[in-house]
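# Structural characterization, general
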Amino acid sequence: MSDDVTQDWLGQPSDTPRPDPMRAVRDHGKPVLPKRFYKETEFAEGAGGFRLTLDGRPANTPARNPLAAPTRALAERLAAEWAAQGETIDPARMPFTRLINTAIDGVAPRMAAVAEDLWPYAGTDLVAYRAGSPERLVAAQAEAWDPIVAWAREALGARLILSEGVMHVTQPDNSVAALRRAVSAIDDPFRLAAFHTLTTLTGSLLIALAVLAGRLTAEEGWDAAHVDETYQAAVWGADEDAATRLAGRKVEFLAAAEVAALAR
């Protein structure tokens, strides 16, 4: 084990382990998870924030940056996630660690580029595209999305044009510019990483901004982004595989909302 206590399982960004087909067959295609190598999870305050420690040894990100949170509250959540691991370490069950790693290694060095990556959503926001029928779905979308559209107009100065169906609608330039300014104003890499996740999981810049601003709770934001899926499940019944995938995405969404809230 090296001094970097996470290196042996997180690896480096350029690591490309050679696949072992025989092992994959033996393990039914499941990845082999590393065994837990620590007992105590804590954090230590320093110049770079609150750094995770495992048995007193400082932890690093995959790019060998200090694995640290900007606030004590977020560091406590990060340490709790590591403490909750069982006999093995399962990155799939560590959304906080993955998102914090992303914020440190991927977002902090390129804040402007990450913000620009989200700008196209300003012209194609989910809440602007409404169903024409059936009446029950039309009403559900209006109930969930109209307050968000009104909030964006009042709080951000972004007035959206609504469209029925999938026909593209061009949003006013000043509204697109207002939404882009709101995204570019997020000047913390942890909140921007969380915001990126909120936006890409929902397809809605407005819902993500509303969650970030506290206009919507995380649960409200998730429900608003999945009005259509909720309607389809109510009418046709839930598809088990789709429900499982959606549940996994919801975990990521709620974790991102919590990171955004705890990072400030």
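Structure shown above.
Cut-offs used in this document
- Residue numbering note: each chain is counted from 1, following its sequence as written.
- In keeping with the model being predicted, local features are shown solely for residues with a pLDDT of at least 70 and side-chain atom pairs are shown and tallied solely at 80 or more, while totals for entire chains, interfaces and linings include all residues.
- As a rule here, side-chain values cover all heavy atoms of the structure and leave hydrogens and water aside.
- Helix and strand labels come from DSSP, where a helix needs a run of H or I of at least four residues and a strand needs a run of E of at least two; each type is numbered from the N terminus.
- In this scheme, a residue with accessible area under 20% of its type's maximum is buried, one over 50% is exposed, and one in between is partly exposed, where area comes from a 1.4 Å probe on protein chains only.
- Contacts are assigned to residue pairs that have any heavy atoms within 4.5 Å of one another.
- Lines are fitted to the C-alpha atoms to define the axes, a helix being fitted only along its stretch in contact, and any angle between axes, read from their N-to-C directions, falls within 0 to 180 degrees.
- What sets the label is the angle itself: under 35 degrees gives roughly parallel, over 145 gives roughly antiparallel, 65 to 115 gives roughly perpendicular, and the rest give oblique.
- Following the grouping adopted for this structure description, the nonpolar residues are Ala, Val, Leu, Ile, Met, Phe, Trp, Tyr, Cys and Pro, the charged ones are Asp, Glu, Lys and Arg, and the polar ones are all others, Gly among them.
- Here a crossing is taken to be left-handed if its near helix is turned anticlockwise relative to the far helix by less than a right angle, and right-handed if that turn runs clockwise.
- DSSP-based pairing: two strands are paired if at least 2 bridges between them are found.

### Looking at the overall build of the protein chain
Along the protein chain, the regular secondary structure elements total 12 helices and six strands. Counting every position in the protein chain, which comprises 264 residues, the buried fraction comes to 41%. Restricting the contact set of the protein chain to residue pairs at least 6 apart, pairs at least 24 apart contribute 66%.

### Some details on the packing of helix α3 (residues 72-83) against helix α4 (residues 95-107)
Remark: α3 packs on α4, axes separated minimally by 8 Å, with the N-to-C direction vectors making an angle of 125°. Relative to α4, α3 is oriented oblique. Contact residues: Leu 74, Arg 77, Leu 78, Glu 81 and Trp 82 in α3; Pro 95, Phe 96, Thr 97 and Ile 100 in α4. Here the contact of α3 with α4 is composed, by residue class, of six nonpolar, one polar and two charged.

### Remarks on the packing of α4 against helix α8 (residues 189-202)
In the contact formed by α4 and α8, the axes pass within 9 Å of each other and the chain directions differ by 115°. In terms of their interaxial angle, α4 and α8 are classed as roughly perpendicular. Where α4 crosses over α8, the two elements pack in a sense that is right-handed. Together, Leu 99, Ile 100, Ala 103, Ile 104 and Val 107 of α4 and Pro 189, Phe 190, Leu 192, Ala 193, Ala 194 and Thr 197 of α8 make up the contact between the two elements. Classifying every residue of the contact of α4 with α8 by side-chain character gives 10 nonpolar, one polar and no charged.

### Digging into the pairing of strand β1 (residues 41-46)
Where β1 lies against strand β2 (residues 49-54), six bridges are found, and the strand directions are antiparallel. If you follow Glu 45 over to β2, its bridge partner there is Phe 50. Connecting β1 to the next strand, β2, in antiparallel fashion are two residues.

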